[in-house]
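Single-letter residue listing:
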Amino acid sequence: MLFRSKFVRHIETERVERDEKVPDSRKALTVKLHFAENEFFTEKTLQLRVVYKPDSDDEVEKVEGTTISWADESKDPTKKKIKKKQKHKKTNETRTIVKTVEAESFFNVFTSRVAPEEGMDEEEENELRDKIDMAMNFAEDVDDVLIPDALEYYLDLNDDMFDAEDMEDEPSDEDGSDDEGDKKSKKKAGGEIGRAHV
């Protein structure tokens, strides 16, 4: 999970903005995570903007996220390599190919997506909806939970944030130890939180 991973130590501030200028009475939330220089990606700010459908508080029209420039493939938790056996139709010879596919990661919320249209394959539609819901839930959790309860997180009194298994981004260290300082945060004015460094 983001707040229990190696990435969290690099977060400097989080900020949520409510967009009141979206046309057609659309609600929009923008989450900005500001990072210190790190070994994983080059961007200093990762932004997620969730735009809802007109006159709706729970149906998303689209999500717009920062395209992350990972330092190299080994640093990217959103992709994984799998091996597949492929059989030649004419010769019946079998070969093994390596294919890169999407992996479950918190950072997938920053992938831009548009709500599915009619006629889409049902399995693909459900998968797309799940990914859009994940982005929406993250933005709303930061807005509704993390910002108002910043003091509790700073004092390490609340351990329930982002408890979904599908938001795992990295396995724990081999010795099983996590740095407790990684979860601490400190509230600032204007809905912004500064994170303690360890």
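This write-up is about the structure you can find in this document. (Residues numbered from 1 in each chain as written. Predicted model: local features only at pLDDT ≥ 70, side-chain atom pairs only at ≥ 80, totals over all residues. Heavy atoms only, no water.)

A word on the pattern of salt bridges. This structure, assessed with the given rule, holds 11 salt bridges. One salt bridge connects K32 with E17, and the closest N-O pair in it is separated by 3.4 Å. Within this pair, whereas K32 is found in strand β2 (residues 28-35), its partner E17 is found in strand β1 (residues 11-18), the two being separated by 15 residues in sequence. A residue is classified by how much of its surface remains accessible, and E17, at 31% relative accessible area, is partly exposed. For K62, the salt bridge is made with E64, and the minimal N-O distance between the two is 3.2 Å. You can call K62 partly exposed: its relative accessible area is 27%. Overall, the relative accessible area of 30% leaves E64 in the partly exposed class. One salt-bridge network, held together by shared partners, links E102, R113, E127 and K131. (Salt bridge = Lys/Arg side-chain N within 4 Å of Asp/Glu carboxyl O. Helix = DSSP H or I, 4+ residues; strand = E, 2+ residues; numbered from the N terminus. Buried < 20%, exposed > 50% of the residue type's maximum accessible area, 1.4 Å probe, protein only.)

With that settled, consider the side chain of E43. Tracing the sequence through the fold places E43 in the loop between β2 and β3 (45-52). Here E43 sits buried without a salt bridge, and the closest side chain of opposite charge, K44, lies 11 Å off (N-O distance). Here S69 takes part through its side chain, which lies 2.8 Å from a polar atom of the side chain of E43. Once you skip the residues sitting within four places of it in the chain, E43 turns out to touch F35, T66, T67, I68 and S69. (Lys, Arg positive; Asp, Glu negative; His and termini not counted. Polar contact = N/O pair within 3.5 Å; in protein donor to acceptor, adjacent residues only side chain to side chain. Contact = heavy atoms within 4.5 Å.)

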